[in-house]
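If you want the building blocks of each chain, they are given just below.
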Amino acid sequence: MNKIKHAAAKKVFAGVMDYAVDQVNKNPETAYEKIIDTAEKYLKDFGKGVNWDYLRKVACNPEYTLNRYITSMVQELHPNVLKTTLMNLGFEAFYNGTKTIHEMREIHKCNIPWIILMDPTSACNLHCTGCWAAEYGNKLNLSFDDMDSIVTQGKELGIYFYMMTGGEPMVRKKDIIELCRKHNDCVFFAYTNGTLVDEALCKQMQEVGNLFLGLSVEGEPDVNDMRRGEGVYNKVMHAMDLLKEHGLVFGTSICYTSANYKSVTSDEFIKMLVDKGCRYALYFHYMPVGNAASVDLLLNPEQRVYVKNRVREIRNMEHGPGIFTMDFQNDGEFVGGCIAGGRNYFHINANGDAEPCVFIHYSNGNIHENTILEILKQPLFMAYHNNQPFNDNMLRPCPMLENPEILQRIVKESGAHSTDLQSQETAEHLCSKCVHYAEEWAPVADKLWAEEHKE
């Protein structure tokens, strides 16, 4: 019966989306008002907390960024990519998936994530400074059957969004495309250095319609190539040109540090991304993971505040430049703090080890020995479940970076082991690199939180 209801709802949603896209193409001046009226009518329970009047204001007026942002996607994306995105991301992941996930959390009394992040391979053709993936070596791979099993199990729990990193996931692009084709109701997203994007891949992405990319770029050419290698910047620019030409959904993945934080948030840099066709920019705070990691790249409080404010300026959908930005360290207030440990996502490395976070290399479970549900109930993941949020101040969300005493405690109490495949690092050593940072950031973050959340 549930399958029948799901199929019926999906058919109705598809019809509404086809009508909406047609209206935007024919008459964008009135289309958004009709779309929002329909959404408010049918999503009253699901859309709690949505300010529909404000949404009308910024979506229906072409003077506002959001209106131009949505219109450009409708008009510029390949038709199959647009329709698949609306169905898989809008219906399966957001609507159907979210409802199922909430039900499963109640049934199983543990975290059920919205996203699973996995490493198809540990191999990479680059060796970037500060990249945690380099610690894993280059000889490990999840087989196609492994990845297929992860997605199959995940969908039973309501998970329809799968991210991939590595290594360089595009080393396995043949298997990734096949995975997208087999699970054509899911969304797949690959963090990539962009150097393996070519014409053939772009055509395959058009065909499947459900693969998004996040290209790593670290600012201006000299800054980028200093970390990633000579000539990499130009290869990334070429990849963006190909992706835009083929009407595909892509954006950037940016690790910001004390050395590049201004470069990757400058007006010139953001304009370049928008002009190239990027739809989003995902910002990651540098993490000192690995025995040889440098603490010099950690930001001081003044630099972090700058990034927090600047990313929000760029994201502004009234008068911003027209790109969606997310800062995983500074946007904790919008997602309730730390999202790891299966609360919104968890990570499976190329060896099959299930880790609470891509930066936290400790585990009690492995996909070759445990089901996804068993992994979510393992001691370290339950420690996340039982302790989240790790701080009432959502500007201090992480149990490692801002609350280093917590990660040490839960790793010890859960009996989790290091999953670092190159040079095992104790939680005490990892967290010791964050103590000074946490002490400096705490008073600044607490003052900001108090000022910005007086009510």
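Given the structure is predicted, the values throughout are model-derived calculations rather than measurements. (Residues numbered from 1 in each chain as written. Predicted model: local features only at pLDDT ≥ 70, side-chain atom pairs only at ≥ 80, totals over all residues. Heavy atoms only, no water.)

Split into domains, the chain comes out as domain 1 (3-76) and domain 2 (345-453). Centre-to-centre separation of domain 1 and domain 2, based on C-alpha positions: 38 Å. (Domains from an automatic or database assignment.)

With that settled, the discussion passes to the packing of helix α7 (residues 173-182) against helix α8 (residues 199-208). Across the interface, α7 lies against α8 with an axial gap of 10 Å and an inter-helix angle of 15°. The angle between the axes of α7 and α8 places the two elements in the roughly parallel class. Of the two elements, α7 crosses α8, and the hand of that crossing is left-handed. Contacts from Lys173, Ile177, Cys180 and Arg181 of α7 reach α8 at Leu201, Gln204, Met205, Glu207 and Val208. Within the contact of α7 with α8, the residues separate by chemical class into five nonpolar, one polar and three charged. (Axes fitted to C-alpha atoms, helices over the stretch in contact; angles between N-to-C directions. Helix = DSSP H or I, 4+ residues; strand = E, 2+ residues; numbered from the N terminus. Parallel < 35°, antiparallel > 145°, perpendicular 65-115°, else oblique. Left-handed = near helix turned anticlockwise from the far one by under 90°. Contact = heavy atoms within 4.5 Å. Nonpolar A, V, L, I, M, F, W, Y, C, P; charged D, E, K, R; others polar.)

Among the six residues that make up strand β3 (residues 187-192), six are buried, leaving the element largely enclosed by the rest of the structure. Side-chain alternation along β3 places Val187, Phe189 and Tyr191 on one buried face and Phe188, Ala190 and Thr192 on a second face that is also buried. Here strand β2 (residues 161-164) runs beside β3; their pairing, made up of four bridges, is parallel. Paired with Tyr162 across the two strands is Phe188, which belongs to β3. Traced from β2 through α7 to β3, the parallel crossover comes out right-handed. (Buried < 20%, exposed > 50% of the residue type's maximum accessible area, 1.4 Å probe, protein only. Pairing = 2+ DSSP bridges. Right-handed = clockwise from strand over helix to strand, strands pointing away.)

Okay, the sheet that holds β2 next. In spatial order, the strands read β7-β6-β5-β4-β3-β2-β1-β8-β9-β11; together these ten strands make up an open sheet with mixed pairing. Across the chains shown, the open sheet's two edge strands, defined by having one partner strand only, are β7 (324-327) and β11 (365-366). Summarising the sheet, β3 and strand β4 (residues 211-216) pair through five bridges and their orientation is parallel. The residue bridging Phe188 from the neighbouring strand is Leu211, located in β4.

Let us look at the packing of aromatic side chains. Taken as a whole and judged by the stated rule, the model has 13 aromatic pairs. A network of ring pairs unites the aromatic residues Phe189, Tyr191, Tyr280, Phe284 and Phe328 as a single cluster. The ring of Tyr306 has Lys262 lying over it, and the distance from NZ or CZ to the ring centre is 5.4 Å. (Phe/Tyr/Trp six-rings, centres within 6.5 Å; stacked < 30°, edge-to-face > 60°. Lys NZ or Arg CZ within 6 Å of the ring centre and 35° of its normal.)

Before going further, it helps to examine the environment of Lys412. Secondary-structure assignment places Lys412 in helix α16 (residues 404-414). Residue Lys412 is classed as exposed on the basis of its relative accessible area of 70%. Each C-alpha atom of the pair Lys412 and Gln204 lies 46 Å from the other, and the pair is 208 residues apart in sequence.

Glancing now at the pattern of salt bridges. Counted under the stated rule, the structure contains 27 salt bridges. Taken together, the shared-partner salt bridges connect Glu33, Asp37, Glu40, Asp53 and Arg56 into one network. (Salt bridge = Lys/Arg side-chain N within 4 Å of Asp/Glu carboxyl O.)

With respect to the helices and strands, the residue Asn184 is situated in the loop between α7 and β3. Setting aside its immediate chain neighbours within four residues, Asn184 contacts Asn88 and Asn210.

Moving on, we get to helix α4 (residues 65-76). In this model α4 runs 16 Å from its N-terminal to its C-terminal C-alpha over twelve residues, within 8% of the 16 Å that 1.5 Å per residue would give. Within α4 the residues assigned to the buried category are Thr65, Leu66, Asn67, Tyr69, Thr71, Ser72, Met73 and Val74. For α4, the elements touching its buried residues are α1 (2-26), α2 (28-42), α3 (52-60), α5 (79-108) and β7. (Expected span 1.5 Å × (residues − 1).)

The next subject is the packing of helix α12 (residues 301-315) against helix α18 (residues 435-452). Viewed as axis vectors pointing N to C, α12 and α18 meet at an angle of 40°, and their least axial separation amounts to 9 Å. Classified by the angle their axes make, α12 and α18 are oblique. In this structure, the crossing between α12 and α18 has a hand that is right-handed. Contacts between α12 and α18 involve Pro301, Arg304, Val305, Lys308 and Arg312 from the first element and Tyr437, Glu440, Trp441, Val444, Leu448 and Glu452 from the second. In terms of residue class, the contact of α12 with α18 is made up of six nonpolar, no polar and five charged.

Burial analysis of strand β6 (residues 280-285) places six of its six residues in the buried class, which makes it a mostly covered element. Where burial is concerned, the two faces of β6 agree: the one with Tyr280, Leu282 and Phe284 and the one with Ala281, Tyr283 and His285 are both buried. Pairing analysis gives five bridges linking strand β5 (residues 250-256) to β6, with the strands arranged parallel. Residue pairing for β6: Cys255 is matched across the bridge by Phe284. Between the parallel elements β5 and β6, the chain passes through helix α11 (residues 267-276) in a crossover that is right-handed. Sheet topology note: the β6/β7 ladder contains four bridges and is parallel. The residue bridging Leu282 from the neighbouring strand is Met326, located in β7.

The next point concerns the side chain of Thr257. When you line up the elements, Thr257 lands in the loop between β5 and α11. Beyond its immediate sequence surroundings of up to four residues, Thr257 is in contact with Tyr286, Leu297 and Leu299.

The next subject is the nonpolar core. Formed by 139 residues in total, the largest nonpolar core has its most connected members in Met118, Leu211, Leu213 and Tyr283. Element by element, the count of residues in this core is highest for helix α10 (residues 232-245), at eight residues. Built from parts of two domains, this core gets at least three residues from each of domain 1 (3-76) and domain 2 (345-453). Setting aside its immediate chain neighbours within four residues, Tyr283 contacts Ile254, Tyr256, Val264, Thr265, Phe269, Ile270, Val311, Ile314, Thr325, Met326, Asp327 and Phe328. (Core = buried A, V, L, I, M, F, W, Y, C linked by side-chain atoms within 4.5 Å.)

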